[in-house]
Amino acid sequence: MTTIATRAPPPGLPAKVASLPPNQTLYVTNLPSAKIQKEDLRTALYMLFSTYGAVLDVVALKTIKMRGQAHIVYKDIQTATQAMRSLDGFEFFGRPMVSLHPRFCDARGVSH
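Residues numbered from 1 in each chain as written. Predicted model: local features only at pLDDT ≥ 70, side-chain atom pairs only at ≥ 80, totals over all residues. Heavy atoms only, no water.

A few points about the pattern of salt bridges
Phase 1: What the rule picks out here adds up to two salt bridges.
Phase 2: As a salt-bridge pair, Glu 39 and Arg 42 come within 3.6 Å of each other at their nearest N and O atoms. With Glu 39 and Arg 42 both in helix α2 (residues 38-49), this residue pair falls three residues apart, about one helical turn.
Phase 3: The residue Asp 57 makes a salt bridge to Arg 42 at a minimum N-O spacing of 3.5 Å. Of the two residues, Asp 57 sits in strand β2 (residues 55-59) while Arg 42 sits in helix α2, which places them 15 residues apart along the sequence.
Phase 4: On the accessibility criterion, Asp 57 (29% relative accessible area) is partly exposed.
Phase 5: Connected through shared salt-bridge partners, Glu 39, Arg 42 and Asp 57 make up one network. (Salt bridge = Lys/Arg side-chain N within 4 Å of Asp/Glu carboxyl O. Helix = DSSP H or I, 4+ residues; strand = E, 2+ residues; numbered from the N terminus. Buried < 20%, exposed > 50% of the residue type's maximum accessible area, 1.4 Å probe, protein only.)

Printed below as a string of structure tokens:
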């Protein structure tokens, strides 16, 4: 029988957030919404996030509800977690990005 070591969540996180398992999709916020075209944003995000591993998709919409946000879909959880830790707070087009694992995602990598 194999046991898996788990890390305790950081103090101060709500119980609902602390118990969520990571997945291969990252949710990125605080992106510039007016300064850059959608395709240029997707390309720049792909180039930045692919330095950590294989990126399967970048979902960046310019709708009112989704502007300034994107989902980055990686091939595996470990790569997504490494990118999340490295790029959280990274200055992207003059704004510090916030990257985290979303609550849950559908097959396209979009969180609900």
